[in-house]
Amino acid sequence: MNTAYYIGLMSGTSMDGIDAVLVDFASGKPELIERHTQIIPSHLFKGLQRLCQSSHDEINRQGRLDRSVGQLFAAAVNNLLEKANIAKEEIIAIGSHGQTVRHMPNLEVGFTLQIGDPNTIAIETGIDVIADFRRKDIALGGQGAPLVPAFHQQLFSKTDTDRMILNIGGIANVTYLPGGNQQVLGFDTGPGNTLIDAWCQQVKGEPYDKDGAWAEEGTTNEALLQQLLNHPYFSLDYPKSTGRELFNQAWLEQQMAAYGQLSEEDIQSTLLDLTCHTIANDIKKLCPRGELFVCGGGAFNGAMMKRLSKLLPGYQVETTLALGMAPQWVEAIAFAWLAMRHDKGLPANLPAVTGASREAVLGARFPAA
């Protein structure tokens, strides 16, 4: 039986784990064969969080973390192959997103930086690695993000049906797949889980608010919500992308300075509504009605899904499972797809999405040999 195995590795802004997937492209469409999540140890998580903020000794810390994250990505691959009982020789290549520690595409000389040394991954797995997917798009004047809309277009578009694919990770991004001949559009809407997770960690010492249950105990404060919605990012036109550089704990504390009287659960509810309102506002601007399919961690937050449905009465809201792809693994599968596109010399960015001057083959190959 012919196979075309690629591995996709993804760790997002939430830094809650490395998703590793084994995907077979032999039929032309991705078939998920096996999946594995490698937990990021707390010392590494703390080190990455520190590196995401400007501070001293950054180059040394980045260098060490680059290798450590590479070793962890390699462990994720080796564990995945053990689970699948498939030999490394059967894998064509690994597509590794890496771990973003800076995303600053709008500076005079814009840049984006993902760590997780692909050479280390290649040596420790014995498999060629394709990585560094974002910087070619930046070099072409683009945002370098989001990259998943091209994958969404290939997998999920449907003639005569307007569809939105919404990925809610640490940051939320939306892909508009028009049913007609219009261009596919996509961009980061703003915070996804990053602020609600940060507040939950700060107050309760828990990594996230399971199913949004804590937010549901609170009442949204409209004045604070409006103040948060006034962030200039939300009124920017696309193409646009963002990250922890804009939406982080320091910004949140600054915004909440005049709201000391609010209960902790009221703040959590307000932050959840910030995510839902910014997503809904952008979706309604793109298209007033259609089908909306959610992937990423937010797909498992019942309160978030309920509030989104309420804010988007013109949309049928489901997860990507309704399209045959489990919401937790969509992004990792996308990076296996990006590796396959690079391997075949095919472009993988959408200039209308990222703002790049042209389509391009993304990534660079790091051979295991």
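As shown above, the structure is provided for reference.
The sections below set out a description of the structure shown in this document. (Residues numbered from 1 in each chain as written. Predicted model: local features only at pLDDT ≥ 70, side-chain atom pairs only at ≥ 80, totals over all residues. Heavy atoms only, no water.)

Applying the stated criterion across every chain, the model contains ten salt bridges. Between Asp-128 and Arg-365 there is a salt bridge whose closest N-O contact spans 3.1 Å. On the criterion of sequence distance, the pair formed by Asp-128 in the loop between helix H3 (118-125) and strand S6 (129-131) and Arg-365 in strand S12 (residues 364-366) is long-range, its members being 237 residues apart. With relative accessibility at 32%, the residue Arg-365 sits in the partly exposed group. (Salt bridge = Lys/Arg side-chain N within 4 Å of Asp/Glu carboxyl O. Helix = DSSP H or I, 4+ residues; strand = E, 2+ residues; numbered from the N terminus. Buried < 20%, exposed > 50% of the residue type's maximum accessible area, 1.4 Å probe, protein only.)

Estimates place the volume of the second largest pocket at around 440 Å³. Along its surface, the second largest pocket is lined by 20 residues, and Gln-49, Gln-53, Arg-244, Asn-248 and Gln-249 are the ones closest to its centre. Of all elements in the fold, only helix H1 (42-51), strand S4 (91-104), helix H6 (194-204) and helix H9 (249-255) reach the threshold of two or more residues within the lining of the second largest pocket. Of all the elements, H6 adds the most residues to the lining of the second largest pocket, at five residues. (1 Å grid on protein atoms, 1.4 Å probe; cavity = no way out; pocket = protein on both sides within 12 Å on 5 of 7 lines; lining within 4 Å. Points joined across faces, edges and corners; volume = space filled by probe spheres on them.)

Pairing within the open sheet is mixed, and its five strands lie in the order S9-S8-S7-S10-S11. Edge positions in the sheet fall to strand S9 (185-191) and strand S11 (315-319), since each of these pairs with one other strand and no more. On average, each strand axis in the sheet is tilted by 20° relative to the strand beside it, whichever way the strands run. Here strand S8 (residues 171-177) runs beside S9; their pairing, made up of six bridges, is antiparallel. (Pairing = 2+ DSSP bridges. Axes fitted to C-alpha atoms, helices over the stretch in contact; angles between N-to-C directions.)

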